[in-house]
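Below, each chain spelled out in residue letters.
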Amino acid sequence: MTASRTDLPADATVAVRHPDAPAPGTVLPAHYAHCFGCGAAERHGLHLAIVAGEGVEVTATFEVTEHHQGAPGLAHGGLLASALDEILGMLGHLTRMSCVTARLETDFRRPVPVGSTLHLRSRADGVAGRKLYASAEGRLGGTDGPVAVRARALFVQVGLEHFAEHGRPEDLEAVARDPRLIGVPDYTVNP
Ligand SMILES: CCCCCCCCCCCC(=O)SCCNC(=O)CCNC(=O)[C@H](O)C(C)(C)COP(=O)(O)OP(=O)(O)OC[C@H]1O[C@@H](n2cnc3c(N)ncnc32)[C@H](O)[C@@H]1OP(=O)(O)O
């Protein structure tokens, strides 16, 4: 992962773990049951089980299957970016910021073969107001394996009104009928 970032704005402060963040080792709840990245109800999804780490880090493993191909026997780059996007966004569980991706920059350093296990790790690098800066990497075969993919991202904190305003009505109605489809509270509102 990026050792230190020199590209953060001058007003960025170090990202800190919220005192009520899930303990290290906790499998984080899917933020939406139909999320392509983490939702159990999404048949075609990645089903990432993302685990809280120490500090402001989370990890996951991703098994690359024949359903993830872009070229014969190799993972699709956009799909790998989706996995990185997901593990980056879930840092919001540790900082208590419900965020959406504003910017995602990805480096593909090695091909990722079907049948490999990608060990994903993300870290919150800094916060400036509503902006959360974060980085992630995916290593092949083990946590010390070669880096295959890297990303840097900017997430922007939004309230529930973002989803209420922009989401497809039938999906919002399904959530209203079954609020358990959403796995996180609105972190922009104090309890
Ligand atoms: C809780 C755990 C579970 C949560 C777990 C969540 C996991 C999710 C994992 C998947 C995440 C996704 O894929 S989310 C889906 C993909 N993303 C989206 O659909 C987002 C689409 N974009 C938007 O809705 C909007 O552009 C927003 C919300 C990002 C920003 O709009 P806004 O609210 O009006 O705010 P705006 O003023 O424009 O931007 C705020 C600040 O960010 C900066 N900014 C905005 N975009 C950029 C950018 N691309 N590059 C640089 N800087 C940017 C602005 O300059 C500004 O800086 P300053 O003036 O303040 O300095």
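Residues numbered from 1 in each chain as written. Predicted model: local features only at pLDDT ≥ 70, side-chain atom pairs only at ≥ 80, totals over all residues. Heavy atoms only, no water.

Some thoughts on the overall build of the protein chain
Formally: Helix numbers and strand numbers start at the N terminus; a helix is a DSSP run of H or I with at least 4 residues, a strand a run of E with at least 2. Using C-alpha atoms as the atom set, the radius of gyration is obtained and then compared with a globule rule of 2.2 Å times the number of residues to the power 0.38. Between buried and exposed lies partly exposed: a residue is buried under 20% and exposed over 50% of the maximum accessible area for its type, with that area taken using a 1.4 Å probe on protein chains only.
Of regular secondary structure, the protein chain possesses four helices and eight strands. Moving toward the C terminus, one meets the helices and strands of the protein chain in the order β-β-β-β-α-α-β-β-β-β-α-α. Over its C-alpha atoms the protein chain spans a radius of gyration of 16 Å, differing by no more than 12% from the 16 Å that the globule rule assigns to 191 residues. Seen through its principal axes, the protein chain has C-alpha atoms that stretch 45 × 40 × 30 Å. Put simply, the protein chain has 191 residues, and 42% of those count as buried.

As for the side chain of S135
Our working rule: In the analysis that follows, any N or O atom pair within 3.5 Å is treated as a polar contact, provided that within protein one partner can donate a hydrogen and the other can accept it, and provided that, for residues neighboring in sequence, both atoms belong to side chains.
Mapped onto the secondary structure, S135 falls in strand β7 (residues 131-140). Polar contacts involving the side chain of S135 include one to the side chain of D125, which spans 2.9 Å.

Overview of unusual backbone geometry
Positive phi outside glycine occurs at H47, with the angle close to 55°. When you line up the elements, H47 lands in the segment before β1 (51-52). The phi torsion at R96 lies on the positive side, around 60°, for a residue other than glycine.

Comments concerning a nonpolar patch on the surface
We count it as follows: Distance thresholds for patches are 9 Å for like charges and 5 Å for nonpolar side chains (Val, Leu, Ile, Met, Phe, Trp, Tyr), applied to residues having over 30% relative accessible area and no salt bridge. Here the open area of atoms and residues is found with the Shrake-Rupley method and a 1.4 Å probe, where only the protein chains shown may cover a residue. Here, a salt bridge means any side-chain nitrogen of Lys or Arg that lies within 4 Å of a carboxyl oxygen of Asp or Glu.
A surface patch of nonpolar side chains, about 250 Å² in accessible area, is lined by L160, F163 and L172. Looking at the element boundaries, F163 is found in helix α3 (residues 160-166). For F163, a relative accessible area of 38% gives the class partly exposed.

Some thoughts on the UniProt feature "domain: Thioesterase" (unreviewed entry) in the protein chain
For clarity, the threshold we go by: UniProt positions are given in the numbering used here, feature names are shortened, and annotations may be inferred rather than shown by experiment.
The positions UniProt marks with the feature "domain: Thioesterase" (unreviewed entry) are residues 73-139. Within the segment residues 73-139, helix and strand shares are 25% and 49% respectively, and the terminal C-alpha atoms sit 18 Å apart.

A look at the site of the ligand
Our working definition: One heavy atom suffices: a residue is near a molecule or strand as soon as one of its heavy atoms comes within 4 Å of it.
Taken together, 21 residues surround the ligand, and among them D85, T101, A102, R130 and K131 come closest. T101 is positioned with one of its backbone polar atoms (N or O) 3.0 Å from a nitrogen atom of the ligand. Measuring from an oxygen atom of the ligand, one finds a side-chain N or O atom of R130 at 2.7 Å. Compared with its free state, where it exposes 1,200 Å², the ligand has 53% of that area covered by protein. Every element with two or more residues in the shell around the ligand is listed here: α1 (77-89), α2 (92-95), β5 (99-108) and β8 (147-157). Broken down by element, the residue count for the shell around the ligand peaks at five residues, all from β5.

Details of the nonpolar core
The condition is simple: To form a nonpolar core, buried Ala, Val, Leu, Ile, Met, Phe, Trp, Tyr and Cys residues must be joined to one another through side-chain atoms within 4.5 Å. Residues are treated as being in contact if the distance between any of their heavy atoms lies within 4.5 Å.
Ranked by size, the top nonpolar core spans 40 residues in total, and within it I50, F62, V112, L118 and L120 carry the most contacts. When contributions to this core are tallied by element, the ones reaching two or more residues are β2 (57-63), α1, β6 (117-128), β7 and β8. Tallying contributions element by element places α1 first for this core, with six residues. Apart from the residues lying within four places of it in its own chain, the contact partners of I50 are T26, V27, L28, V58, T59, A60, E86, I87 and M90.

Focus: the environment of H47
Note on H47: relative accessible area 41%, which makes it partly exposed. Put simply, H47 and A33 are 14 residues apart on the chain and 9.9 Å apart in space, counted from C-alpha to C-alpha. Apart from the residues within four sequence positions on either side, H47 is in contact with F36, G37, G39, A40 and E42. Here E42 takes part through its backbone oxygen, which lies 2.6 Å from a polar atom of the side chain of H47.

What to know about the side chain of E86
We count it as follows: Under the convention used here, Asp and Glu are negative, Lys and Arg are positive, and both His and the chain ends fall outside the count.
Its location among the elements puts E86 in helix α1. The charged side chain of E86 is buried without a salt bridge, its nearest counter-charge being R96 at 16 Å. Leaving out residues up to four positions away in the same chain, E86 has contacts with H31, C35, G37, C38, L48 and I50.

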